[in-house]
Amino acid sequence: WKISSSSSMVIGTCHYSTSTNPSSLRVRNLIGGEFVDSQSTATIDILNPATQELVSQVPLTTNEEFKAAVSAAKQAFPSWRNTPVTTRQRVMFKLQELIRRDTDKLAKNITMEQGKTLKDAQGDVFRGLEVVEHACGMGTLQMGEFVANVSSGIDTYSIREPLGVCAGICPFNFPAMIPLWMFPIAVTCGNTFVLKPSEKDPGASMILAELAMEAGLPKGVLNIVHGTNDIVNNICDDKDIKAISFVGSNTAGMHIYSRAAAKGKRVQANLGAKNHAIIMPDANVDATLNALAAAGFGAAGQRCMALSTAVFVGESKPWIDGLVERAQGLKVNAGCEPDADLGPVISKQAKERICRLIQTGVESGASLMLDGRKIVVPGYEEGNFVGPTILSNVTSDMECYKEEIFGPVLLCMQANSLEEAIEIVNRNEYGNGASIFTTSGVAARKFQNEIEAGQVGINVPIPVPLPFFSFTGSKASFAGDLNFYGKAGVQFYTQIKTVTQQWKDLQTQGVSLAMPTSQ
Ligand code: NAD
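All values derive from a computational prediction rather than experimental measurement.

Take unusual backbone geometry next. Even without glycine at this site, Gln52 takes up a positive phi of about 70 degrees. Although it is not a glycine, Ala300 sits at a positive phi angle of roughly 55 degrees. By the secondary structure assignment, Ala300 is in the loop between helix H10 (285–297) and strand E15 (307–313).

So, in structure tokens, the structure goes:
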């Protein structure tokens, strides 16, 4: 992959240098520490979303290969769980160093397969890296509890033990960050892992796996398989897999949640979203509009925490014009071009879906303030580009509001009061993120108290918590009860064993069949 340097500022130069050897395009499985070609002849083409060039081919891992991956993870578990936590942490210390070393390589791969801008792709890597850094403190994070002398000469303590083989199923939109939400925490807790990256952009996962091997992760501790529905169903059904981490859409997530739960597995599932911002008339106009444009159109709106709906309260309604101006100023280009603010969306189908949802808004009475559907990017005419799009006078019965659009489309609604705005947000089924822009502490506190969303921003447009907290989407944006990373993440990947021990000079006593009580 290279950016041509022959004519430095000429557009249309971010081309993937395709290998002449087709077998080198095939993405491999990672089974028992070996990167191996799948026997499968069924593959999915990965196309660069800016150019449609073939980047790689993902095999649909066969059943036998899947079983081999689970078996490798199962075999690696006993010795890995007995490896001192300090040693497991040291692998993470090394991994974070290697991810820093190879951030550019990872980011370039993400831009090529997923489309986002290089700078944004670096952020994707960095936010995952922070989880690896957090895992370096596992000795403290995994501590149990101890109460001495619960009865005379008797102490009780609890131990957080790993579960065994865990699995992760990833979406396309954060090819580095989301795998890094999963396996570093799981394996540092002492589990072994089977990862299924998104079939749309598995490249970053493969690079991360190479780095994990280089960092000293023993063979079989991390395994990678590929595919779509069938392999996901295998993961749900396999008796040796104890827990599943899923991030993606509600359709897939709820299917996985119920199928895996029926097999007795624990599941944490981060799902879809419709994130709102409430704009109060006392907010700082410039800072607010800049934040709205960045949160609405960054990553072409393909973030689960992207801002999709802005609710303007009272006299802030006319600010929509300023938002349109800012959105018009954003540069749509291939993600590898240095001037790109937003890149293409993931696929032609995604573009068609986004354009159809914009059209439903127009047909049901919304005003199209800015239309990005017809954009053509010189040099990248084949790219899946959608320019920033703004619909105003949107109401909550419209399809474009009810559906997650997952594109660079910002819907604008209006409310006469903060109460009315909060009611609008709370009526929405999703509860991933919500923000308020205001200079009033009273309004902010009321919002924080009454809003039904798991991640709240006060003058912060994308309130994604750092790894010492957890990612806490709620309502239809999350299924399960232990969130990703933070304390809850460690709890998800561990089970508690509680030990009651008696060490004293034991007196011979008669047989008592009464329920023991503390003495
Ligand atoms: P997706 O649900 O289509 O795919 C996610 C994973 O599920 C993939 O690995 C895919 O192979 C698998 N899958 C898809 N359909 C399946 C089915 N019917 N049966 C079994 N497995 C299936 O999601 P996506 O398009 O890759 O990602 C975008 C979605 O992810 C959006 O809804 C976005 O909001 C959500 N997301 C949520 C968060 C969060 O933290 N809440 C973060 C990122 C993305």
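The next point concerns the site of the ligand. Neighbouring residues of the ligand: 27 residues in total, closest Cys170, Glu199, Ser249, Leu271 and Glu404. For the ligand, an oxygen atom lies 2.6 Å from a polar atom in the side chain of Glu404. In the complex, the protein chains occlude 89% of the 840 Å² of accessible area that the ligand would expose alone. A class-by-class count of the residues in the shell around the ligand yields 14 nonpolar, 10 polar and three charged.

This paragraph deals with the sheet that holds E15. With respect to topology, seven strands assemble into an open sheet ordered E16-E17-E18-E15-E14-E20-E21, the strand pairing being mixed. Looking at strand neighbours, the two that pair on one side only are strand E16 (367–370) and strand E21 (455–458), the edges of this open sheet. Going across the sheet, the axis of each strand differs from the next one's by a mean of 20 degrees, ignoring polarity. Pairing analysis gives five bridges linking strand E14 (residues 275–279) to E15, with the strands arranged parallel.

Attention shifts here to the packing of helix H3 (residues 103–114) against helix H4 (residues 118–135). Closest axis-to-axis distance for the H3/H4 pair is 8 Å, and the angle between their directions is 120 degrees. One finds that H3 runs oblique with respect to H4. Remark: the crossing between H3 and H4 carries right-handed chirality. Contacts between H3 and H4 involve Thr103, Asp104, Leu106, Ala107, Lys108, Ile110 and Thr111 from the former and Leu118, Ala121, Gln122, Asp124 and Val125 from the latter.

We now examine the packing of aromatic side chains. A full pass over the atoms with the stated rule returns eight aromatic pairs. Measuring from centroid to centroid gives 5.9 Å for Phe172 and Phe406, while their planes differ by 90 degrees, and the two rings are edge-to-face. Of this pair, Phe172 sits in the loop between strand E9 (165–169) and helix H6 (177–188) while Phe406 sits in the loop between helix H13 (399–402) and strand E18 (409–415), and the two are 234 residues apart along the sequence. As far as the burial class goes, Phe172 and Phe406 line up, both buried. Taken together, a centroid distance of 5.6 Å and an interplanar angle of 70 degrees make the contact between Trp181 and Tyr485 edge-to-face. Here Trp181 is found in helix H6, whereas its partner Tyr485 is found in the loop between strand E23 (478–479) and helix H16 (486–492), with 304 residues between them in sequence.

Glancing now at the confidence of the model for the chain. The predicted model of the chain averages 95 in pLDDT, with 96% of residues at 70 or higher. Here residues 1–13 scores under 50 on pLDDT; set against residues more than four positions off or in separate chains, the count is 23 contacts. Quick note on the complex model: pTM equals 0.96, ipTM equals 0.99.

Time to look at the sheet that holds strand E24 (residues 494–502). Spatial strand order, E7-E8-E24: three strands in an open sheet with antiparallel pairing. Whereas interior strands pair on both sides, the edge strands pair on one side only; in this sheet they are strand E7 (145–151) and E24. Direction aside, neighbouring strands of the sheet carry axes that sit 25 degrees apart on average. Examined bridge by bridge, strand E8 (residues 154–162) and E24 share nine bridges and lie antiparallel to one another. Across the sheet, residue Tyr157 finds its bridge partner in E24, namely Val499.

Turning next to the state of the cysteines. Disulfides are covalent bonds that link the sulfur atoms of two cysteine residues. With the rule as written, the count across this model stands at zero disulfides. Take Cys136: it sits in no disulfide, and the sulfur closest to it among the cysteines is that of Cys189, at 13 Å. On the basis of relative accessibility, which here comes to 8%, the residue Cys136 falls in the buried class. The thiol sulfur of Cys236 is not disulfide-bonded, and the nearest other cysteine sulfur, from Cys170, lies at 14 Å. On the basis of relative accessibility, which here comes to 0%, the residue Cys236 falls in the buried class.

Another aspect to go through is the nonpolar core. In this structure, Ile278, Leu292, Phe312, Leu323, Ile390 and Val394 are the most contacted members of the largest nonpolar core, which totals 66 residues. Those residues in contact with Ile390 that sit more than four places away from it in its chain are Phe297, Leu323, Val324, Ala327, Ser367, Leu368, Met369, Leu370, Leu410 and Cys412. Ala121, Val132, Leu211 and Cys304 belong to the second largest nonpolar core, which has 65 residues in total.

In this section: the UniProt feature "domain: Aldehyde dehydrogenase" (unreviewed entry) in the chain. Under the present numbering, the feature "domain: Aldehyde dehydrogenase" (unreviewed entry) in UniProt falls on residues 35–499. Segment residues 35–499 splits into 40% helix and 22% strand. End C-alpha atoms: 41 Å apart.

Another aspect to go through is the packing of helix H8 (residues 229–237) against helix H9 (residues 250–262). Their axes nearest at 8 Å, the elements H8 and H9 cross at an angle of 35 degrees. Seen along the crossing, H8 lies across H9 with a hand that is right-handed. Touching Val232, Asn233, Cys236 and Asp237 of H8 are His255, Ile256, Arg259 and Ala260, all from H9. By residue class, the composition of the contact of H8 with H9 is four nonpolar, two polar and two charged.

How each quantity is defined
- Residues numbered from 1 in each chain as written.
- Predicted model: local features only at pLDDT ≥ 70, side-chain atom pairs only at ≥ 80, totals over all residues.
- Heavy atoms only, no water.
- Helix = DSSP H or I, 4+ residues; strand = E, 2+ residues; numbered from the N terminus.
- Near = heavy atom within 4 Å.
- Polar contact = N/O pair within 3.5 Å; in protein donor to acceptor, adjacent residues only side chain to side chain.
- Areas by Shrake-Rupley, 256 points an atom, 1.4 Å probe, with all protein chains shown as cover.
- Nonpolar A, V, L, I, M, F, W, Y, C, P; charged D, E, K, R; others polar.
- Pairing = 2+ DSSP bridges.
- Axes fitted to C-alpha atoms, helices over the stretch in contact; angles between N-to-C directions.
- Parallel < 35°, antiparallel > 145°, perpendicular 65-115°, else oblique.
- Left-handed = near helix turned anticlockwise from the far one by under 90°.
- Contact = heavy atoms within 4.5 Å.
- Phe/Tyr/Trp six-rings, centres within 6.5 Å; stacked < 30°, edge-to-face > 60°.
- Buried < 20%, exposed > 50% of the residue type's maximum accessible area, 1.4 Å probe, protein only.
- pLDDT = per-residue confidence, 0-100.
- Disulfide = S-S within 2.5 Å.
- Core = buried A, V, L, I, M, F, W, Y, C linked by side-chain atoms within 4.5 Å.
- UniProt positions renumbered as here; feature names shortened; annotations may be inferred.

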